[in-house]
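Letter by letter, the chains look like this.
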Amino acid sequence: MEAEIIEAYDNGDNNRLSAILDRADTNELNKSIRRRSVNANDVGPVPLIRAMLSGSSYDKESGTKRRIQVINYCATLLDNGVDTKAADDIVAFLLVEIENVSSRHLTELCDFYIELVGGDCTKFCQSFELLPKILESLLLCDTLEYCGETLKGSECRNKVLENLCAKEWNFKRAVLLTTALRETNLSANELNIVEVKLFKLITILEGAAVPRLVYQLLLLASKGQKSSILRGLFSHFGGSAPLTPPLLGVVLLHMTHAARRDPELVAETLKYLKFSSKKVIQSTFSLAFVLSLCELHRVADKIHEIIRQSLLQSFSDSDKLSGSRLIRELIPGLGDPVVALLELVELTQDGWEVVAPLFRFAINLLETLAPRCSHDVNSSPTPAGRLLSLAKDVVVKLFTYHDSVRSESLSLALRCSFGSATPLVVHHHLDLLSSMIQHHPCAILQRLPRVIEALDYLTQLALPVADRLLRSLRPLLTHSPALRQALFLVLKKGTFAKEPEARRVAVNGYLQLLRYFKLSGSLPSSQSSQSFSISQVPGVGARTSDAANESLCIEVVGCVRRSLSQQPLVRVHIYNHIYDVLLSNSQLSSTLVTILHQHVVKYLNEEATTILVDRGIEDDVVKDPLGRLVHALGSCTLLAKRFNGGNDLFNEFEDEDAAVSKVEVLLGTLTEHFSEFSIEGDEAKLVLENKLGVAELCNVMESLIEFQFISDPYSDERCKRVARLFSSLTAVSEKLSDTTSRRKTQSIARSSLLTLRCVSTILQSLFVVPGHEDALDVLRKNFEFVKYVINVGLQHLQHILAHGFLEGPEGRNKPKLFDHIGDIGRALYKIVDKGEAGRSEKGKKSIVDLSIEGLCVIVEIVTKQHSKDDLYKLVVAIDDNVDDVTEESLHLHVEHCEELFKRCLGSSGGERRGINWIQMVGRYSVPYSPDSPLLQRLQQWLLHLVESEDISDIQLIKFIFCLLFQLQWRCSSSIVLLREVAEEIHSNLGDIDEDVTIEEVSRFKMISMRSAAPTVLVSLTSHLEVILDHLDWLVNYLKSRVVVKSNLVDTEDDEEETLELRAKVELEVSHCLSMVVNVMCQVLQSALPAGTSVDGVFKCVTKLCNTLTLLIKYNIHMVQVTGVKLYVTSVHLKKLIKLTGAQLQPCSYGFIIYVQSVQTEQLKVSEAKEAKKKGVAVIGKKSAKSAGLQEPAKQRVLKETRPIPNLVFAIEQYERFLIEFGRKIKFDFMAGFKRSTSRDFRINLANINLDESRVESEPEEDESVVTGIELEDIEPATNGVEGPSNVDDVVGPPSSKESAPAARVSFRLSGKRPTPSGSNANPGTSNQLQTQPPPKVRKSLGARRNIK
C-alpha cells in the first residue's frame, strides 16, 4: 500500500491517491509512517507523509479529518522517539506544511499540545519544535473558532497560552516549552503569562532542576520583561529558597553570565539596585549577584557607591530605631546588613564565585572610610566606623578562606602601615594586619620576604605605630627565626640613628623582644654583659628553643644597657616599660635590677646616702630623669622580691639575691635621708635654685613613697616613713610653686609618678580593708595625704579617659587597669557613703568632692571604653549591696546613687556635687533595655525631682532636664511633658505682649524665672530638634515604601499591610507634629531675653517648618503616584495644617517683631552709654559714627538676627508647597493663613536716584532708603497677594550695610533661596513688589549693592 500511495503521488493522480487513502485503515497508515521513521536505512517517512497530505483535501470531510490525523500522529511520533534523521526530516517538512493548515486544524493542534504538556516525560520531545510555527500561524488568521468563541488571531494565541500554562508542567516539558516560546515573538502580556507560570514552577521544583529552569528563564528575558524577571528571581532566591548553597551558587553563576552577555539586563539591575538597595543588602543572594556585576568595570564604581550608601543608611536607621520608642512602635524590625554580608563571605567556601568582587568591595570601603573614621577610644561607634569594622572583618575572613586574595591583602596592609598614609589610615590598616596575623599566621609566613622587606622602614615610623606593629608581629616572631634576625638588625641600626624617635623605636623593639621570649631558667648577671650575635640563634624547628631564647635575651639586654647612655627620651622609655618586661619575663629580674642599680649609682654621693639630683640636669635641660629611674628601680625590686619568694630557680646564684638586697638597702637609705630633708639645708639650696631640679626631687620622693608603702602597707614603721616623706614632698612642692610665681616663669607641668596600682593599694588599705588601725591611722588622719592620693588617682583616671592607657608600668594592660579602676571606685564609694572626711578650704574641693568626681570619671571610662558586662562587674566591685551582674542589681545601685544625690542637695555646696551624680545616673541608664520598667522608674524619679526640688544651680538644672527629656523619649512616644514645660516657661517669663496676662502655672518647682531661659529652654529646644529628626526619618521612610507604578521599582508583597502601616505612621507623625506646634507656640509667645535662647528657638522653629514642608512634599508625591481620584487627604493632616496657619505662622512673625524690637532697644542703650563715655550727645546714628564710636552692640545684634531670614524662608517654602498641594487636590489649605508678601518685584528705573552724595548726606533716620532705591520707586504688585503694608512693621531697620539690601530685596516664592549676603531677609516685604526685573536691571542693581 505504501508503494501505491507514493506511486500515485509521483504520477500526479490525485483521484487515485484519494481513493487509496479512503480505502486504507488509519492504523495501517500510522504503522507505515512509524515503520519508515524507525528504520534508518529506509528512504524516510517524509515522501509517504507528503503523499498522504497531498491526497487529503480540505474539500472533503474525510480528507480534512485524515489530514489532521496524520499531522497529529507525526507530532506524537516525534514525542515518543524515532530515528534522529527521520525526526529532523519530519520537523522540517511539517514546519513548511503548517503554513497551509486551516484555522480549524490550527486550533486542534493547539489543543493537542495542551494535552501533550501534561503527559509523562519521554526521552525525545522534538514535537515542541513545531509549537513556535503554530503560534505564529495563529496571528495570520483573522478570526478563529476556539473554546466556543470567535476570536481574533492574537486573542486566540493569548487564550492558547493561558490554557497551556494552566496545565501541570513537568521539568523536561518546561525546558522544552521555554525553548520553544523563546523562538516566538510574544507580546508583553503573553510574556507575563509565561513568566508567572515559570516562577510557580520554580517554587515547586527541587534540586538540580531549578538552576536549569532559571537559565531558560533568563534566556526568555531576552524577549522582554527583564525588570519583572529580575524582581521575581530576587524575591524568590533572596528569601528562604529551599536550595542548598551549591545549587544557589549555580543559579548565581547563570544569572551572572546572562548579565554579562546582556547590557540591558545590567541596566535593569542597576535600576533595581537604585530603588531597592535596602532589600538587596539584606539578602545574601541579591547582594552576591549585584557584586558579581562589579567585574564589569563600567558599573563597578556605581555599584560600590550605592551599596556603601545603603549600608551607611542601614546602620544609621538602626541607631534611630534604638533611640526612639516612637520609631520602634511604628516601624517593624529592620534587617541587619551585617548578617547578609558575613553570610556571603561564608558561602564563598561553597563555590559562590564572588570572592574577587567581594574583596574589591571591602577594599573600596577601607580606602573610602579609613581616612574619616576616628579611632578615639571614647567616641561612640558611628555608622561609618561600624561599616569600616565590617569591611575589615570581610577582608580578614576572605584572607583566611581563599589563597587568591592573600597576597593583595598583605601588600595593602603593609603598604598603608609603612607608607606615608595619614595616622587614621595607618591605624585601621594596622588593625587589619594584626587580625590577619592572628587568624592565619601560616599564610603570612609563606609570604615572609614581603614582611622582612617592609621591616627596613620600621625605625622611620612614629613610636605608637611601630609599637603596635611589633605587637602585631609577635606570633610571627615566635615561629620565624629569619624574621627575628631581620628585626634585630633593623633595631641595631635604629640604635645608632640620628633621630631620637628612631632610637626610641629601637629601644621599644628591644623591650618587646624581652617580653616575648621568656627563659625557663634565670640569666646570670655575668652573662648579661657578654657579647653574643643574633646569628647564634638556631633556625631549626617551628618554635624557638630555650637556648635560642637565652642567646637572644643576652644580646638584647646588652643593647638595652647601652641605650641607657642615650638621650633622655630613650631613657624615659626604658624606665617606663622595663617593669612590664620583668612582669612577663620573670627570669630577667636580677639582671634588670642590677642594670638599673649600676646606673643609679652614678648619681649618688660618695657616702651613697643621697641622690644628687643636680647631676641629672645640664644647661636647664633634664639629662636623665632620676625620678623615673628611682621609680623603675623600686618597682622592679618589689617585683623581683615577689618572684624570689615563689621561684627556686632565682636562688641558683648568690649574687642575684645580693643585688636585690643592695637595692633595698639603697632605697631605705634614700628614704631616711629625704624623710629628714629640709628646704633650708645646704643640699636643698643647691637643688632648689633650679625649678627642674625641684620637680625631679618631687619625683624621687614620690617614687620612694610608692616603694615604701607597697613593700609592706600595714607596717607601722613604713607608714610613718611615708608620712614623713609626704611632709618633705609637700614642702618641696610649695617651694616649687613659690619659685615659679616669684620669678613669673612658666610653671612645670609635672605629672605624678605614683602608679594607678599604688593609688589603688593606698585607698584600699585606708578605706576598704578592715583592721590595721594602729599603722594606717597615721596616714588615714592625714587629710592632705588622702587628698593628694585621690588627686593623683583622678589625674590618672582622666588620662585613661582621654587616651585609653597610661604611661608607665601596666599602663597598657587593659584587664589590670580595669581591676585597679574597680578597686579605686570601691574606696571612693566608701568615702562618699560615709560622708565628709576632713575639712574643706574655701575655694578648694573637699575629699568627698574629689571622690564623687573620681567616681564619675570611672563610670564614664567603663561606659565608653568597656562592654555592658564590664559595667555590671564595676557595680559589683564598688557596691557591697550588689552581688550579681544583672539589670536589677544595677538598678539597686542606681537607687543608692539617688539617695546620695538627695543627701548632696541637703548639704552646703552639694548642688555642685549633684552634677556628677546626675551624670553617673545618666551613664548607668545606657545599658537599660528600652522597654525595661526600671528605665521608667528612673524617669519617674527625675520627674518627681523636677516637680518637688527647688535647685538654684543652673548647670545642675540643665543636666537634670536633658536627662529627663532623653529618658522620656526612650520610654514613651508622648511629648505631653514638653508641652507642660513650655507652658511653665511661658508662665515664668511672661508674654511678648505686655497687655496679656498669663495664667500662673507652678507644677515644676525647678523652673523659675532665673532658670527658665536659657537653661531649661535650651534643653527643651535641643530635644525638640531630636524629635523632629526622628519625624523626618519617618516621613522619608514612608516615601521610600511608596509603590510606584513602574517596572523600575519593586512592588510590595503585601499591599494591605503596607497601606495599614502607612496610615498608622501618617497618623502618628501628624499627631506628634501637632504637639510640637503647640509647644513651639508657647515658646514663641514667651518674653525671652536676647541671647542663646533666642537663637535656639529660631533654629527649632526653622527645623519645624522644614519638617512640615517635607510632610507636604510627601503628600504631593502620593498624589502623583496614586492619582487625584484615589488619593484621600487625612483628617489629621488637615487639622495640622489648620493649626499651623492659625497659630504657628502668627506666633512666628510676632516673635520676630518682638526680638527685633528688643534688640533695637538694646542697641540704643549701648550707643547711648558709648556716646556718654566719649562725651558725645546721641543725636542720631550719624553723630555717633562721626565720634568714632565702636559698634560691638551692632555686631552682636547683626549676629543674633541672622537666623531670621532662614526662618522666613522656611515658612514661605512651607506655604509654597502647601499651595501646590492644594491645587493638586483642589482644596484651599491657605484659608486659615495670613498671606505672605509677594517676593516678585520690578524696579522703576526712571525714579532711581543715582546721586550717591545725596545718599551720604541725608540722615539715616529714614529707614526706607535701600541702596539708593526708595520704596516709592517700586511699582505696586498686581498679583493680589496680600501682606503687611509696611516692611518695617515686620522686619525693622537693617543692621548694617551688608544687611540693608537683603532686608529689602528677596526672591519670588518659586525662586531660589536668598544668597548669604542677604542673610537678613524680611518676613514680609512690601506688597508694592511685582515681577522680576529684566537682566539689565538685575545687573545694575548688583552693581549698586554696596552703595548706601
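Residues numbered from 1 in each chain as written. Predicted model: local features only at pLDDT ≥ 70, side-chain atom pairs only at ≥ 80, totals over all residues. Heavy atoms only, no water.

Considerations on the overall build of the protein
Point 1. The helix and strand tally for the protein stands at 60 helices and six strands.
Point 2. Within the span of the protein, comprising 1348 residues, buried residues form 54% of the whole.
Point 3. Restricting to contacts in the protein with at least 6 residues of sequence separation, those with at least 24 account for 75%.
Point 4. Taken as a whole, the protein presents about 59,200 Å² of accessible surface, with 51% of it coming from carbon and sulfur. (Helix = DSSP H or I, 4+ residues; strand = E, 2+ residues; numbered from the N terminus. Buried < 20%, exposed > 50% of the residue type's maximum accessible area, 1.4 Å probe, protein only. Contact = heavy atoms within 4.5 Å. Areas by Shrake-Rupley, 256 points an atom, 1.4 Å probe, with all protein chains shown as cover.)

Side note on unusual backbone geometry
Point 1. P1014 follows A1013 through a cis peptide bond whose omega is 5°.
Point 2. Counting through the fold element by element, P1014 comes out in helix 51 (residues 1009–1040).
Point 3. Even without glycine at this site, A608 takes up a positive phi of about 60°.
Point 4. Mapped onto the secondary structure, A608 falls in the loop between helix 34 (589–600) and strand 3 (617–618).

Thoughts on the nonpolar core
Point 1. Of all hydrophobic cores here, the largest spans 409 residues; its most connected members are F237 and I611.
Point 2. Examining the composition of this core, we find that 15 residues originate from one element, helix 53 (residues 1092–1122), more than from any other.
Point 3. When neighbours within four sequence positions are excluded, F237 is seen to be in contact with I202, V210, V214, L243, L248, V251 and F285. (Core = buried A, V, L, I, M, F, W, Y, C linked by side-chain atoms within 4.5 Å.)

Some points on the packing of aromatic side chains
Point 1. Under the criterion given, the structure shown has 18 aromatic pairs.
Point 2. Ring geometry for F901 against W941: centres 5.9 Å apart, planes inclined by 75°, an arrangement best described as edge-to-face. Here F901 is found in helix 46 (residues 887–905), whereas its partner W941 is found in helix 48 (residues 933–948), with 40 residues between them in sequence. An identical accessibility class is assigned to F901 and W941; each is buried.
Point 3. Each ring, one from F1221 and one from F1229, has its centre 5.0 Å from the other, and the planes form 5°; the classification is stacked. (Phe/Tyr/Trp six-rings, centres within 6.5 Å; stacked < 30°, edge-to-face > 60°.)

Some words on helix 40 (residues 756–767)
Point 1. When the terminal C-alpha atoms of helix 40 are compared, their 16 Å separation across twelve residues agrees well with the 16 Å that a helix rising 1.5 Å per residue should span.
Point 2. Helix 40 sits mainly inside the fold: eleven of its twelve residues count as buried. (Expected span 1.5 Å × (residues − 1).)

A short note on the pattern of salt bridges
Point 1. One pass over the full model with this rule turns up 40 salt bridges.
Point 2. Notably, a salt bridge pairs K392 with D431, separated by 3.4 Å at the nearest N-O pair. Taken together, the positions of K392 in helix 22 (residues 383–401) and D431 in helix 24 (residues 423–439) put the pair 39 residues apart, joining distant regions of the chain.
Point 3. The class of K392 is buried, set by a relative accessible area of 12%. (Salt bridge = Lys/Arg side-chain N within 4 Å of Asp/Glu carboxyl O.)

Some points on the environment of S929
Point 1. With respect to the helices and strands, the residue S929 is situated in the loop between helix 47 (910–924) and helix 48.
Point 2. Residue classification places S929 among the partly exposed positions, given a relative accessible area of 34%.

A closer look at helix 44 (residues 847–865)
Point 1. In a regular helix each residue adds 1.5 Å, so 19 residues correspond to 27 Å; helix 44 covers 27 Å between its end C-alpha atoms and thus fits that length.
Point 2. Burial analysis of helix 44 places 17 of its 19 residues in the buried class, the great majority of the element.

Describing the packing of helix 20 (residues 337–347) against helix 22
Point 1. Contact geometry of helix 20 with helix 22 gives a least axis separation of 10 Å together with a crossing angle of 10°. Classified by the angle between their axes, helix 20 and helix 22 sit roughly parallel to one another. Here the hand of the crossing between helix 20 and helix 22 comes out right-handed. In contact with V338, L341, L342, V345 and E346 of helix 20, helix 22 contributes L390, D393, V394, K397, L398 and Y401.
Point 2. When grouped by side-chain class, the residues that make up the contact of helix 20 with helix 22 number eight nonpolar, no polar and three charged. (Axes fitted to C-alpha atoms, helices over the stretch in contact; angles between N-to-C directions. Parallel < 35°, antiparallel > 145°, perpendicular 65-115°, else oblique. Left-handed = near helix turned anticlockwise from the far one by under 90°. Nonpolar A, V, L, I, M, F, W, Y, C, P; charged D, E, K, R; others polar.)

Examining the pairing of strand 2 (residues 149–152)
Strand residues, when the strand is regular, have side chains that alternate between the two faces of the sheet.
Point 1. Relative to strand 2, strand 1 (residues 143–146) is paired through four bridges, and the arrangement is antiparallel. When the bridges of strand 2 are listed, E145 appears paired with T150. (Pairing = 2+ DSSP bridges.)

Overview of the packing of helix 14 (residues 245–261) against helix 17 (residues 284–292)
Angle between the axes and distance between the axes are the two parameters that describe a pair of packed helices.
Point 1. At a minimum axis distance of 10 Å, the contact between helix 14 and helix 17 shows a crossing angle of 35°. Of the two elements, helix 14 crosses helix 17, and the hand of that crossing is right-handed. Of the residues in helix 17, those touching helix 14 at L248, V251, L252, M255, T256, A259 and R260 are F285, A288, F289 and S292.
Point 2. Looking at the contact of helix 14 with helix 17 residue by residue, the class counts come to eight nonpolar, two polar and one charged.

Focus: the environment of V601
Point 1. Position of V601 relative to the elements: it lies in the loop between helix 34 and strand 3.
Point 2. For the pair formed by V601 and I611, sequence separation is ten residues and the distance between their alpha carbons is 8.4 Å.

Describing the confidence of the model for the protein
Point 1. The share of residues in the protein with pLDDT of 70 or more is 82%, and the mean pLDDT across the chain is 80.
Point 2. In the model, residues 1044–1053 has pLDDT below 50 throughout and makes 24 contacts with residues more than four positions away in sequence or in other chains.
Point 3. Low pLDDT, under 50, characterises residues 1177–1190; the stretch is placed with 23 contacts to residues that sit more than four places away or in other chains. (pLDDT = per-residue confidence, 0-100.)

Re the side chain of R406
Point 1. Its location among the elements puts R406 in helix 23 (residues 406–418).
Point 2. Within the local environment of R406, its side chain forms a polar contact with the backbone oxygen of T400, the two atoms lying 2.9 Å apart.
Point 3. When residues no more than four places from it in sequence are discounted, the contact partners of R406 are F399, T400, Y401, H440, A443 and R447. (Polar contact = N/O pair within 3.5 Å; in protein donor to acceptor, adjacent residues only side chain to side chain.)

Comments concerning the environment of R1202
Point 1. Considering the arrangement of structural elements, one finds R1202 in the loop between helix 56 (1192–1200) and helix 57 (1203–1225).
Point 2. C-alpha separation for the pair R1202 and D1095, spaced 107 residues apart in sequence, amounts to 9.0 Å.

Regarding the side chain of S286
Point 1. Along the chain, S286 falls in helix 17.
Point 2. If near-sequence neighbours (up to four positions away) are discounted, S286 is found in contact with F234, G238 and V280.

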